[in-house]
Amino acid sequence: MGCCKERDPAKAAVWHALNYYAFEDASFLAERLFLESKGCETLYLLATCYYRQDRVTEAYDLLKKSHSTTPKCRLLFAQCCLKMSKLYEAEQILVGSSADTSLASIESSISAEFQEISGVCLSVLASIYRKCHRLEHAVYFYRASLKRNPYLWSSYANLCLAGEKDNPEEYFKSTNCPSFIAQSTSPGALSEITNDINLVQSTPSSDKITEKIYQSYTPKATFGQVLAHSTPIASNNANQVISTPVHSDQLREHMNHYSEEDNPCGTPGSALRKQGGDPFSSSKVRRSSRLIASGRNTKSKENDRKAGNKTQRANILSDTFKKSTAKEKSLLSKHSPTMIISSIMSLFSQIGLAYQSLCQYECKKALQLFNKLPKNQYSSSWVLNQCARAFYEMTEYTQAARLYQSVHQTESARCGDLAYYSTCLWYTQREVELSALAHEMLEANKGSPETWCAVGNCFSLQKEHETAIKFFERSVLVDPQFAYGYTLLGHEYSFIDELDEAMNCYRHAVRIDPRHYNAWYGIGHIYYKQEKHELALCHFRKAHSINQSNAAIMAHIAVVLNTMKKHKEALKVLTKALEQHPKHPLCKFHKASTLLCLERCDTALSELDELEAITPTESLIYFLKAKIHRKMGNSHLAMMHFSWAMDLDPQGSNNHIKEAIDKHYQSDDISLEHS
């Protein structure tokens, strides 16, 4: 770390305190230094201390009063402005008041002024433009930041979220790495790591120290494992080669067999602990011998035996540690810095391509690409969360919930995707699990918007919509930029027919994230309720243009087309949807309804027979069958299916299909349904 090489001992002491999280001590010393010598370096040092302590307002005031023009102070001031939503001020401090406002001119100016930190500056500027909804500018500067520093993953992620389809290999390549990063991975730096390993090995250790080091030690062979993707590493057995694990191409089968026991994230030795055995003890002492043994001689023998076991355990731990460190040293000496950087860039390209597919809602492709990652990367919480999100977008909520649950058990404090986990539990009607999740999240983090979304979903599932609305409102109060919170709030308002409030929520979500297709769908649904069919169709198609693989959106497009008497066009939409999702119940139901409108009764009945095999307890299937049989003149079959429908749903309660049914399908039989 460059700041650790500070020659001034007082400044070095501040950086040392910052690096090891003694923020209060760092701030106190930095304040003394700044008062003694008010220069650019002490100013930046003190402002950095404030910023890292989350005293952003104080850092902002300090930098604003100083009017410092050094690159580091300007960058930090822009970061403060961005956090405080002072977007115009943040833009001005980075861009300046140049007459030439072209994007290329701004890029070259920032590159010349900020030099090695220009990549970060361009990324910050892009985030400013994204918050200002100047997406063209944001995309340009995200790309520019990646060309100068390919380690800025957030820039690439934001490009994907903006709907761009850039080739990740154009950015993630070793030739784009800044010079200061290349210097930090020089042979000298690697030799320092090797020396650290030698120092640990040569330290005198008792059995307790050795055990502590072994338990806390994590081999730094991660890059070696990444390199193993292209370069096999020889194992102790000459006939074996350690290579990248090959996952099954059928990811869905892999997910079906996913369980805690198969979780590669589990801690080493967990199986041994479950069996109750100690891998380091040579034998167990019988209970009878302990009861018979007495006297000093017996006690001394037991003490000697225990001491011998401890010595043996320490020797095993020491030998294992030495083997691990020796292997690490061989990895560091075998792979050059260039190879390490290339392997990291290759890994970024793989993950980037998979993440881009997910952001384009090409979920099956994304799952296949994530499945090709090395096992240690694939088993990470971040990757598993993305796989769960892919299943969620494919409406496979049971699979998604299983993955989210696995990640939550491994990292219970991780809140980033738990709002979607709670929605999966809402769809699968798992009240107990959803209630437990909401309770856990409330205890862990009340300042997270995902927490209040989980609580809101819990009350929504129990039909307490007024209470759910209060908690969804709290989620957007905690984070006003949380688009998904506004969407869930809009859904609740729509449930209780507060359509104006729901429309405001959906529009807020679209303003925050123009690619939030759920909000576009919500707006279309409101217009459909208001019988503004042209506007409903327009917004449903907007949602479909963002997520073209969502069968539910296509089904609602067909519903609107049927309402507008465009039955043939509706049939084409539903046929296309069923090609992608052959067993989607909503699409099958509406296809049968459309075929009935086109008087193709036999084909409609065959569709309903297939749907009955998928969801045999859905009352509306039998209700629609009854209508078809009545139209065909089969009165006895019609009455029989009407009777079955009444038996399955005697109170006419709503369900996920009934809520989406076009009123046109029930208009001529409304009296019969209520009877």
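Residues numbered from 1 in each chain as written. Predicted model: local features only at pLDDT ≥ 70, side-chain atom pairs only at ≥ 80, totals over all residues. Heavy atoms only, no water.

Peer 1: How would you sum up the overall build of the protein? Please name residues and give values.
Peer 2: The secondary structure content of the protein amounts to 39 helices and 2 strands. Within the protein, residue pairs in contact and separated by at least 24 positions form 58% of the contacts whose partners lie at least 6 positions apart. For the protein, the computed accessible surface area is about 35,800 Å², with 52% contributed by carbon and sulfur atoms. (Helix = DSSP H or I, 4+ residues; strand = E, 2+ residues; numbered from the N terminus. Contact = heavy atoms within 4.5 Å. Areas by Shrake-Rupley, 256 points an atom, 1.4 Å probe, with all protein chains shown as cover.)

Peer 1: If you had to explain the environment of Ser155 to someone new, which residues and values would you point to?
Peer 2: Secondary-structure assignment places Ser155 in helix α10 (residues 153–161). Relative accessible area serves as the criterion here: at 0%, Ser155 is assigned to the buried category. As for Ser155 and Ser127, which are separated by 28 residues in sequence, their C-alpha atoms are 8.7 Å apart. Dropping the residues within four chain positions of it, Ser155 is found in contact with Ser123, Tyr142, Ser145 and Leu146. A polar contact is formed between the side chain of Ser155 and the side chain of Ser145, at a distance of 3.0 Å. (Buried < 20%, exposed > 50% of the residue type's maximum accessible area, 1.4 Å probe, protein only. Polar contact = N/O pair within 3.5 Å; in protein donor to acceptor, adjacent residues only side chain to side chain.)

Peer 1: Explain the packing of aromatic side chains to me, and be specific about the residues and the numbers.
Peer 2: Evaluated as defined, the whole model comprises 28 aromatic pairs. Centre to centre, the rings of Tyr21 and Phe23 are 6.5 Å apart; their planes meet at 80°, and the pair counts as edge-to-face. You can call Tyr21 exposed: its relative accessible area is 65%. A cation sits over an aromatic face here: Arg389 above Tyr420, 4.0 Å from the ring centre. Sitting over the face of the ring of Trp520, Lys542 holds its NZ or CZ atom 5.5 Å from the ring centroid. (Phe/Tyr/Trp six-rings, centres within 6.5 Å; stacked < 30°, edge-to-face > 60°. Lys NZ or Arg CZ within 6 Å of the ring centre and 35° of its normal.)

Peer 1: Quick one: what's the story with the side chain of Ser475, residue by residue and with numbers?
Peer 2: Residue position: Ser475 is located in helix α27 (residues 465–478). The class of Ser475 is buried, set by a relative accessible area of 0%. Here Phe472 takes part through its backbone oxygen, which lies 2.6 Å from a polar atom of the side chain of Ser475. Each residue touching Ser475, except ones within four places of it in the same chain, is listed here: Pro449, Trp452, Cys453, Phe482 and Gly485.

Peer 1: Tell me what's going on with the packing of helix α29 (residues 499–512) against helix α30 (residues 517–529), and back it up with residues and numbers.
Peer 2: Following both chains from N to C, one finds α29 and α30 inclined at 155°, their axes separated by 8 Å at the closest point. Our classification of the angle between α29 and α30 gives roughly antiparallel. When the axes of α29 and α30 are compared, the crossing they make is left-handed. The residues of α30 that touch α29, namely those facing Leu499, Ala502, Met503, Tyr506, Arg507, Ala509 and Val510, are Ala519, Trp520, Gly522, Ile523, Ile526, Tyr527 and Lys529. Residue composition of the contact of α29 with α30, grouped by class: 11 nonpolar, 1 polar and 2 charged. (Axes fitted to C-alpha atoms, helices over the stretch in contact; angles between N-to-C directions. Parallel < 35°, antiparallel > 145°, perpendicular 65-115°, else oblique. Left-handed = near helix turned anticlockwise from the far one by under 90°. Nonpolar A, V, L, I, M, F, W, Y, C, P; charged D, E, K, R; others polar.)

Peer 1: Report on the pattern of salt bridges, specifying residues and quantitative values.
Peer 2: Tallied over the entire structure, the rule returns 20 salt bridges. For Arg134, the salt bridge identified is with Glu91, shortest N-O distance 3.5 Å. With a gap of 43 residues between them, Arg134 in the loop between α8 (118–131) and α9 (135–148) and Glu91 in helix α6 (residues 87–95) connect regions that are remote in the sequence. The exposure class of Arg134 is partly exposed, given its relative accessible area of 32%. Given the relative accessible area of 11%, Glu91 is considered buried. In this structure, Lys588 engages Glu610 in a salt bridge whose closest nitrogen and oxygen atoms are separated by 2.6 Å. In this pair, Lys588 is assigned in helix α34 (residues 585–597) and Glu610 in helix α35 (residues 601–614), connecting sequence segments 22 residues apart. Through salt bridges that share partners, Lys588, Lys591, Glu607 and Glu610 make up one connected network. (Salt bridge = Lys/Arg side-chain N within 4 Å of Asp/Glu carboxyl O.)

Peer 1: Break down the packing of helix α1 (residues 9–19) against helix α3 (residues 40–52) for me, citing the residues and quoting the values.
Peer 2: Their axes nearest at 11 Å, the elements α1 and α3 cross at an angle of 15°. Between α1 and α3, the crossing angle belongs to the class labelled roughly parallel. Every pair of crossing elements has a handedness; the one defined by α1 and α3 is left-handed. For the pair α1 and α3, contact is made by Lys11, Val14, Trp15, Leu18 and Asn19 and by Glu41, Thr42, Tyr44, Leu45, Thr48, Cys49 and Arg52, respectively. Looking at the contact of α1 with α3 residue by residue, the class counts come to 6 nonpolar, 3 polar and 3 charged.

Peer 1: Outline a negative patch on the surface, listing residues and values.
Peer 2: Together, Glu466, Glu473, Glu498, Asp500 and Glu501 give the surface a local cluster of negative charge. Elements supplying a minimum of two residues to the negative patch: α27 and α29. Checked against the element boundaries, Glu473 lands in helix α27. A residue is classified by how much of its surface remains accessible, and Glu473, at 31% relative accessible area, is partly exposed. (Patch = residues over 30% accessible without salt bridge, like charges linked within 9 Å, V, L, I, M, F, W, Y side chains within 5 Å. Lys, Arg positive; Asp, Glu negative; His and termini not counted. Charge placed at Lys NZ, Arg CZ, Asp CG, Glu CD.)

Peer 1: Residue-level account of helix α7 (residues 103–114), with values.
Peer 2: Taking 1.5 Å of rise per residue, the 12 residues of α7 would be expected to cover 16 Å, and the 16 Å separating its terminal C-alpha atoms lies within 8% of that figure. Along α7, the residues classified as buried are Leu103, Ser105, Ile106, Glu107, Ile110 and Phe114. Against α5 (71–83), α6, α8 and α9 lie the buried residues of α7. (Expected span 1.5 Å × (residues − 1).)

Peer 1: Could you give me a rundown of unusual backbone geometry, with the residues and numbers involved?
Peer 2: We note that Tyr21 has phi near 70°; this positive angle belongs to a residue other than glycine. Within the fold, Tyr21 resides in the loop between α1 and α2 (23–36).

Peer 1: Hey, could you go over the side chain of Asn547 for me, with residue numbers and the actual values?
Peer 2: Relative to the helices and strands, Asn547 is located in the loop between α31 (533–546) and α32 (551–563). Asn547 has contacts with Tyr361, Glu393, Tyr517 and Ile553, leaving out every residue within four places of it along the chain.

Peer 1: Account for the state of the cysteines, with residues named and values stated.
Peer 2: Scanning all chains against the criterion turns up 0 disulfides. With no disulfide of its own, Cys359 has Cys160 as its nearest cysteine by sulfur position, at a separation of 4.9 Å. (Disulfide = S-S within 2.5 Å.)

Peer 1: Got a sec to walk through the environment of Lys446? Specific residues and values, please.
Peer 2: Structurally, the position occupied by Lys446 is in the loop between α25 (431–444) and α26 (449–461). Take Lys446: its relative accessible area is 56%, and that puts it in the exposed class. Along the backbone, Lys446 and Ser475 are 29 residues apart, and their C-alpha atoms lie at a distance of 9.8 Å. Setting aside residues no more than four positions away along its own chain, Lys446 makes contact with Met441 and Trp452.

Peer 1: An account of the confidence of the model for the protein is requested, with residue identities and associated values reported.
Peer 2: For the protein, the mean per-residue pLDDT works out to 78, and 72% of the residues sit at or above 70. Note on residues 186–299: pLDDT under 50 across the span, and 121 contacts to partners over four residues away in sequence or across chains. Note on residues 654–675: pLDDT is under 50 here. Beyond four places in sequence and across chains, it has 53 contacts. (pLDDT = per-residue confidence, 0-100.)

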